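Working through the structure, step by step
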Amino acid sequence: MTSQNRQLHVFFFPFMAPGHSIPIIDLAILFAGKGVKSTIIAPPSDAAHISKVTEKARNSGYEVDVLDIEFPVAEAATKLLKRPLEDLIRQHRPHCLVSDIFFPWTNDVAAASGIPRILFHGTCAFSFSAMEHVLLYEPHKNVSSDSEPFLIPNFPGDIKLTRSQLPEFGKQETGFTKLFNEFIESESKSFGVIVNSFYELEPVYADHHTNFLGRKAWHVGPVSLSTKGIIDKTNRGKQSSIDENKCLNWLNLKEPNSVVYVCFGSMADFDSCQLIEIAKGLEASGQSFVWVVRNEKEKLLPEGFERKMEGKGLIIRGWAPQVLILENEAIGAFVTHCGWNSVLEAVSTGVPVITWPVAAEQFYNEKLLTEILKIGLGVGARKWKRLVGDFVRSEAIEKAVREVIMGECAVVMRNRAKRLAEMAKKAVENGGSSDSHLNALIGELKSLSP
Ligand code: UDP
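Residues numbered from 1 in each chain as written. Predicted model: local features only at pLDDT ≥ 70, side-chain atom pairs only at ≥ 80, totals over all residues.

Selection criterion: UniProt positions are given in the numbering used here, feature names are shortened, and annotations may be inferred rather than shown by experiment.
Per an unreviewed UniProt entry, the protein goes by the name Glycosyltransferase and belongs to Hibiscus sabdariffa. As stated in UniProt under Sequence similarities (unreviewed entry), the record for the protein gives "Belongs to the UDP-glycosyltransferase family."

A short note on the overall build of the protein
What counts here: Under the scheme used here, helices are H or I runs from DSSP no shorter than 4 residues and strands are E runs no shorter than 2 residues, and both carry numbers assigned from the N terminus. In this setup the radius of gyration rests on C-alpha atoms only. A globule is expected at 2.2 Å times the number of residues raised to 0.38. Counting other C-beta atoms within 10 Å of its own, a residue is labelled buried from 20 upward, exposed at 12 or fewer, and partly exposed in the gap between, with every C-beta atom placed from the backbone.
What the protein contains, in helices and strands, is 19 helices and 15 strands. Here the protein has a C-alpha radius of gyration of 22 Å; the compact-globule value for 450 residues is 22 Å, and the two agree. The dimensions of the protein, computed from C-alpha atoms along their principal axes, are 65 × 55 × 40 Å. For the protein, with 450 residues in total, the buried portion stands at 47%.

Structural notes on the site of the ligand
Here is the rule we go by: In this analysis, residues qualify as near a molecule or strand once their C-beta atom, positioned from backbone atoms, comes within 6 Å of it. Each residue is assigned to one of three groups, with Ala, Val, Leu, Ile, Met, Phe, Trp, Tyr, Cys and Pro labelled nonpolar, Asp, Glu, Lys and Arg labelled charged, and all others, Gly among them, labelled polar.
Around the ligand sit 19 residues, and of these Gly19, Gly265, Ser266, Gly339 and Ser342 come closest. Residue assignment for the shell around the ligand shows that the elements contributing at least two residues are α1 (18-32), α14 (322-327) and α15 (340-349). For the shell around the ligand, the leading source of residues is α15, giving four residues. Each residue belonging to the shell around the ligand can be placed in one class, and the counts come to nine nonpolar, eight polar and two charged.

Some points on unusual backbone geometry
Following glycine 221, the chain continues to proline 222 via a peptide bond in cis, the omega torsion being -5°. A positive phi is found at glutamate 138, a non-glycine position, where the angle reads about 50°. Within the element layout of this structure, glutamate 138 appears in the loop between α6 (125-137) and β6 (150-151). Take glutamate 138: there are 13 C-beta atoms within 10 Å of it, and that puts it in the partly exposed class. Look at aspartate 158: it is not a glycine, yet its phi comes out positive at around 50°. Residue placement: aspartate 158 occurs in the loop between β6 and β7 (160-161). A residue is classified by how many C-beta atoms lie within 10 Å of it, and aspartate 158, with 8 of them, is exposed.

Re the environment of glutamate 398
Within the secondary structure, glutamate 398 is located in helix α17 (residues 394-406). Residue glutamate 398 is classed as partly exposed on the basis of its C-beta count, with 19 C-beta atoms lying within 10 Å. Residues glutamate 398 and leucine 369 lie 29 residues apart in sequence; the distance between their C-alpha atoms is 20 Å.

Quick look at the sheet that holds strand β9 (residues 217-219)
What counts, and what does not: The pairing criterion is simple: DSSP has to find at least two bridges between the two strands. Whenever a helix is involved, its axis is fitted only over the stretch in contact; in every case the axis is a line through C-alpha atoms, and angles between N-to-C directions fall within 0 to 180 degrees. In this description, any two residues whose backbone-derived C-beta atoms lie within 7 Å of each other are considered to be in contact.
Across the sheet, which stays open at both edges, the seven strands sit in the order β3-β2-β1-β4-β5-β8-β9 with parallel pairing between neighbours. Of all strands in the sheet, those bounded by a partner on one side alone are β3 (64-68) and β9. Put simply, the sheet's adjacent strands are angled 25° from each other on average, direction ignored. Looking at chain direction, strand β8 (residues 192-195) and β9 are connected through three bridges and run parallel. Each residue of the ladder has a partner; that of valine 195, found in β9, is histidine 219. The strands touched by α1 are β1 (9-13), β2 (37-42), β3, β4 (96-100), β5 (117-120) and β8; relative to β2, the strand with the most contacts, the crossing angle is about 160°.

Now the structure itself:
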């Protein structure tokens, strides 16, 4: 059998947080759809759920398995996984390891096993490259205050940021600075990078990432679009807290583009004052809304708010079937923290966004949405603050919601978003750019494996 014909076997090793694991599971299924044997490595506590989510794909003949690995709880202890991972590779002999950016040490594990390691960083070429430029040129050191804008040097598009939008570790040396430098170094030393984005979304930045920063990259997204129909969308990431039909029936009674969907991903954790401002802002906007509030926060909502809003607002406590909601034509705007998965899910479904970045690389993603793609409006969050974010007043929320649903620019923004959704759909179709990148990657891996 020639190397071109034999079945490839790829290990997928996600970091176990929904924003990291959800797209890698999609990716594993995407590979399996191309005849690759995909094995997802997960701690026993998550393996059962992953198995359930991927069951439909398996029943359709996809080869997607899940293998247990004992996971230490602390982030910093991920290096303890080295030995168990080496053991699994020795036992199962995959041809390639696709692993999360949070596991820079997997370059060495793969090298020692004689297989390529491909990095999955879970964000777009624009944001990752912009972050690298800030780290490289340190433009924030030349401004005199946290609010004075600086230009990202040698980066296309005249993108300006302020120091307050940078994380602590980006402004001064902290424990995480060293770790972040390790992530970047491991990107440059890996065999290449899989980007959950599509070339047409950010052509200038995809080229910049390759040509200026010298990274070998395959843009194969949006992965959530490719797995449509073969993955359980209701329980993506976690078990949904609402019956899917109840939620969709509620939305189906609403006019197209009239409902605001409010969700801040899996990490952001607002306090009671902020939740009260959101409640006031949504009520004052007069628009219908679906608001995802984390379970333990429900008692912090204003007294009687849910009853008062019955019919107008649907509150989901815990975990929402986000992609199903965004796909519904009633959704007219998405208030988002700009986590990359949420951004791409909005792009894939053609929903304009109200940007409320909190932490991680979300302020960069906001720039892409509001200044490059122009499908979003900022709510006015200006400070990077892990988990809690900047404080935003109800008036700003009300104004942004009105503007994006029915303001002067609403139609233009919506049309732009719908055009991007069309482009995303084309990218993942047979012969589209993402499909071609994936075929090229698989072809290259086959040619490497003995
Ligand atoms: N998500 C979901 N339901 C929720 C909250 C989040 O399905 O109630 C999914 C969302 O669709 C996305 C992921 O969880 O795929 C969150 O990733 P993102 O990068 O947006 O943010 P993070 O959680 O990493 O901050």
